[in-house]
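Residue-level listing of the chains:
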Amino acid sequence: MNRVIVLLALLLGATMSVALRRPPVNPPAPPALSMEVALRPPPGVSKLLRRACYDCHSNETRWPWYSRVPGVGNLLERDVTNARAAFNFSEWGAGPYRRPRVGAAMLLGMCASIREGQMPGKNYRMLHPDAKPSPAEIDEFCVWGRTEAKRAMQGAQRNSTERAQRIQTPRVMRIARRLD
Ligand code: HEC
């Protein structure tokens, strides 16, 4: 009886190892381009983002074992590709958000998405219960994000042409005031 079980287990193991796909490979994450170098967030903010966002919005994804299961892995990979395209903490210095206005809008959008419980998504929260941001963490992120966004906007105002200010600045500042 025992032998049959061992044999079945071996057979199952062999089948699985043939069927499993290779884990996805992360693109490089050079520190010089990171959001942490560009914006220098406080440690608490960094910790939250690394715990709750980096698996999708960075090149430092910790791929779970089930990302090797065909089908499941493809879905996860597609999700991460879309998330990185939206914004990527590992390529902050190279993405559109390195421009102060875009970065400011992005930070305010992140605050809203965390506050409303949209991010991280429901499925991710279910599989990573410890990723859920605490109310104190949400507050810390949003206070920092607003301050950072305002600072970026003030810098941008000094540097940009009048026309660009008229078109873009008031919109982001209005959002920033609403969040106050
Ligand atoms: C399981 C993967 C996953 C995790 C974890 C995750 N996101 Fe996302 N996020 C996505 C995907 C996918 C999109 C792009 C949706 C689309 O293309 O419509 C997205 C989009 C966004 C957007 C919208 C960007 C835009 O251009 O409008 C914001 C803001 C955002 N995420 C913030 C966060 C924050 C903040 C965290 C961490 C607290 C987080 N996300 C964690 C997958 C994730």
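The rules behind these values
Residues numbered from 1 in each chain as written. Predicted model: local features only at pLDDT ≥ 70, side-chain atom pairs only at ≥ 80, totals over all residues. Helix = DSSP H or I, 4+ residues; strand = E, 2+ residues; numbered from the N terminus. Core = buried A, V, L, I, M, F, W, Y, C linked by C-beta atoms within 7 Å. Buried ≥ 20, exposed ≤ 12 C-beta atoms within 10 Å, placed from the backbone. Expected span 1.5 Å × (residues − 1). Near = placed C-beta within 6 Å. Nonpolar A, V, L, I, M, F, W, Y, C, P; charged D, E, K, R; others polar. pLDDT = per-residue confidence, 0-100. Arc of directions from axis to C-beta.

Trainee: Explain the overall build of the protein chain here, please?
Mentor: For the protein chain, the count of helices and strands is eight helices and zero strands. When its helices and strands are written in sequence order, the protein chain yields α-α-α-α-α-α-α-α.

Trainee: Quick question: what am I supposed to make of the nonpolar core here?
Mentor: Taken as a class, soluble globular proteins show a tendency for nonpolar side chains to be buried jointly. Membership of the largest hydrophobic core comes to 25 residues, with the highest contact counts inside it found for Leu49, Ala104, Leu108 and Ala149. Secondary structure elements with two or more residues in this core: helix 2 (35-39), helix 3 (43-52), helix 4 (72-86), helix 5 (100-115) and helix 7 (135-159).

Trainee: What is the right way to read the environment of Leu107 from this model?
Mentor: Note that Leu107 resides in helix 5. Taking the C-alpha atoms as reference, Leu107 lies 8.1 Å from Glu148; in sequence the two are 41 residues apart.

Trainee: Just checking my understanding: could you explain helix 5 for this structure?
Mentor: Working note: α-helix, 3.6 residues per turn, so residues spaced by three or four point in the same direction. End to end, helix 5 covers 23 Å across 16 residues, agreeing with the expected 22 Å (1.5 Å per residue, within 8%). By the burial criterion, the buried members of helix 5 are Pro100, Arg101, Gly103, Ala104, Ala105, Leu107, Leu108, Cys111 and Ile114.

Trainee: Would you mind showing me how to read the site of the ligand here?
Mentor: Cys53, Cys56, Ala83, Met119 and Pro120 are the nearest of the 18 residues found near the ligand. For the shell around the ligand, the secondary-structure elements that each account for two or more residues are helix 4 and helix 5. For the shell around the ligand, the residue count by class is 11 nonpolar, five polar and two charged.

Trainee: Hey, could you run me through unusual backbone geometry in this one?
Mentor: Most peptide bonds take the trans form, and the phi angle of most residues other than glycine is negative. The linkage connecting Met119 with the following residue, Pro120, adopts the cis geometry, with an omega of -10°. Inspection of the secondary structure assignment puts Pro120 in the loop between helix 5 and helix 6 (122-127). With phi around 45°, Arg40 is a residue other than glycine that occupies positive phi space. Along the chain, Arg40 turns up in the loop between helix 2 and helix 3. For Arg40, a count of 10 C-beta atoms within 10 Å corresponds to the exposed category.

Trainee: Would you take a moment to explain the environment of Arg99 for this structure?
Mentor: Mapped onto the elements of the fold, Arg99 is located in the loop between helix 4 and helix 5. Residue Arg99 is classed as partly exposed on the basis of its C-beta count, with 14 C-beta atoms lying within 10 Å. Spatially, the C-alpha atoms of Arg99 and Met153 are 9.9 Å apart, while their sequence positions differ by 54 residues.

Trainee: Can you help me understand the confidence of the model for the protein chain in this one?
Mentor: Close inspection of predicted coordinates is inappropriate for parts of the model with low pLDDT. Across the protein chain, pLDDT averages 88, with 86% of residues at or above 70. Per-element mean pLDDT across the protein chain ranges from 60 in helix 8 (residues 162-178) up to 97 in helix 3.

Trainee: What's the story with helix 3 in this structure? I'm lost.
Mentor: Within the span of helix 3, buried status applies to Val45, Leu48, Leu49 and Ala52. End-on view of helix 3: buried residues confined to an arc of 95°, all on one side of the axis.

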